[in-house]
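Analysis of the macromolecular model
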Amino acid sequence: MSHEFDYYVLLFFILAFAGWLWEVILYMFTEHAFINRGVYRGPYLPIYGVGGLSLCFLFRSFRKKPVRVFFLSALLCSVLEYLTSFFLERRFGVRWWDYSGHFLNISGRICLLGTVTFGLGGTALVCLFLPFYEKMYRRIPKKWRVALCLVFLLVFVIDAAYCATHPNMGDGISL
């Protein structure tokens, strides 16, 4: 099933915001502080948007096979997290996360708990959230969808341009 460009832009930002929210809440419980996670200043983590869109493109046809989606999501998202960690460390000389103390980690970049969490999240995304999103997407008039996309993209491009030279490295963000 193919969709218009705005379908994917809005989905990217929903997933990037959901990832940001997940990590902010996680750090509220573990560090007892608000920490704006990620390289960017805005309330989004593009790695979640990219990962989620990848899952949608690659595994949508497996929607009725949640066990397969779980394992494929765990694998794909772990590879994405590993490569992103490697790239960010090479680019900025900083580690944004380190799982060295976690069970079955690889170079502190990924770990078993994260892999299982990605599998569960990917399964929820592909098998549960996407059908709901598609229904909600169709309810929004096209002009509003396009306007939202333009605003989100403009803010994101400005943020990305600024953070290319001034990444978010505040307290608790990088190690």
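In short, a report on the structure. (Residues numbered from 1 in each chain as written. Predicted model: local features only at pLDDT ≥ 70, side-chain atom pairs only at ≥ 80, totals over all residues. Heavy atoms only, no water.)

**Digging into the side chain of Asp159**
What counts, and what does not: Each helix is a run of H or I in the DSSP string that is no shorter than four residues. Each strand is a run of E no shorter than two, and both are numbered from the N terminus. Burial status follows relative accessibility: with a 1.4 Å probe on protein chains alone, a residue under 20% of its type maximum counts as buried, one over 50% as exposed, and anything between as partly exposed. For the purpose of counting charges, residues Lys and Arg are taken to be positive, whereas Asp and Glu are taken to be negative. His and the chain ends are not included. A carboxyl oxygen of Asp or Glu within 4 Å of a side-chain nitrogen of Lys or Arg is what we treat as a salt bridge. By the criterion applied in these results, polar contacts are pairs of N or O atoms within 3.5 Å in which, for protein atoms, one can donate a hydrogen and the other can accept it, and in which residues neighboring in sequence qualify only through two side-chain atoms.
With respect to the element layout, Asp159 can be found in helix H5 (residues 142-165). It turns out Asp159 is buried and unbridged, and the closest side chain with the opposite charge, Arg41, is 5.4 Å from it. In terms of polar contacts, Asp159 uses its side chain to reach the backbone amide nitrogen of Arg41, at 3.2 Å.

**Brief notes about the packing of helix H1 (residues 5-31) against H5**
Put simply, the test is: Angular values range over 0 to 180 degrees, each being the angle between N-to-C directions of two axes fitted as lines to C-alpha atoms, with helices fitted over their stretch in contact. An angle below 35 degrees is treated as roughly parallel, one above 145 as roughly antiparallel, one from 65 to 115 as roughly perpendicular, and anything else as oblique. Handedness of a crossing is defined here by the sense of rotation of the near helix relative to the far one, left-handed for an anticlockwise turn of less than a right angle and right-handed for a clockwise turn. Whether two residues are in contact is decided by their heavy atoms, any of which lying within 4.5 Å being enough. Put simply, Ala, Val, Leu, Ile, Met, Phe, Trp, Tyr, Cys and Pro go in the nonpolar bin, Asp, Glu, Lys and Arg in the charged bin, and everything else, Gly too, in the polar bin.
At their nearest, the axes of H1 and H5 sit 9 Å apart, and the two run at 50° to each other. Relative to H5, H1 is oriented oblique. Our pair here, H1 against H5, has a crossing hand that is left-handed. Residue-level contacts link Phe5, Asp6, Val9, Leu10, Phe12 and Phe13 of H1 to Lys142, Arg145, Leu148, Cys149, Phe152, Leu153 and Phe156 of H5. Its residues assigned to classes, the contact of H1 with H5 shows 10 nonpolar, no polar and three charged.

**Points about the packing of helix H3 (residues 66-92) against helix H4 (residues 112-139)**
The contact between H3 and H4 brings their axes to 7 Å, and the two run at 125°. As the angle between them shows, H3 and H4 are arranged oblique. Relative to H4, the crossing made by H3 is right-handed. Facing H3, whose interface residues are Pro66, Val69, Phe70, Ser73, Ala74, Cys77, Ser78 and Glu81, H4 presents Thr115, Val116, Phe118, Gly119, Leu120, Gly122, Thr123, Val126 and Cys127. The residue makeup of the contact of H3 with H4, split by class, is 10 nonpolar, six polar and one charged.

**Quick look at the side chain of Arg37**
Its place among the elements puts Arg37 in the loop between H1 and helix H2 (46-59). From its side chain, Arg37 meets the backbone oxygen of Trp96 in a polar contact 3.1 Å long.

**Quick word on the layout of surface pockets**
Note the threshold: Only protein atoms enter the 1 Å grid used here. Points where a 1.4 Å probe fits but cannot escape make up a cavity, open sets with protein on both sides within 12 Å along at least five of seven lines make up a pocket, and a residue lines them when an atom lies within 4 Å of a point. Grid points are joined across faces, edges and corners, and a volume is the space filled by probe spheres set on the points.
A volume near 1400 Å³ is recorded for the largest pocket. Forming the boundary of the largest pocket are 49 residues, of which Glu23, Ile47, Tyr48, Glu81 and Phe118 lie nearest the centre. Taken together, the elements giving at least two residues each to the lining of the largest pocket come down to H1, H2, H3, H4 and H5. Top contributing element to the lining of the largest pocket by residue count: H1, with 10 residues. Residue composition of the lining of the largest pocket, by class: 31 nonpolar, 12 polar and six charged.

**Examining the environment of Trp96**
Inspection of the secondary structure assignment puts Trp96 in the loop between H3 and H4. Here Asn168 takes part through its backbone oxygen, which lies 3.3 Å from a polar atom of the side chain of Trp96.

**With respect to the nonpolar core**
The condition is simple: To form a nonpolar core, buried Ala, Val, Leu, Ile, Met, Phe, Trp, Tyr and Cys residues must be joined to one another through side-chain atoms within 4.5 Å.
Counting 25 residues, the largest nonpolar core has Tyr7, Leu11, Phe12, Leu55, Val126 and Tyr133 as its most contacted members. Taken together, the elements giving at least two residues each to this core come down to H1, H2, H3, H4 and H5. No other element matches the nine residues that H1 contributes to this core. Excluding residues that lie within four positions of it along the chain, Val126 makes contacts with Leu55, Phe59, Arg60, Arg63, Val69 and Pro131.

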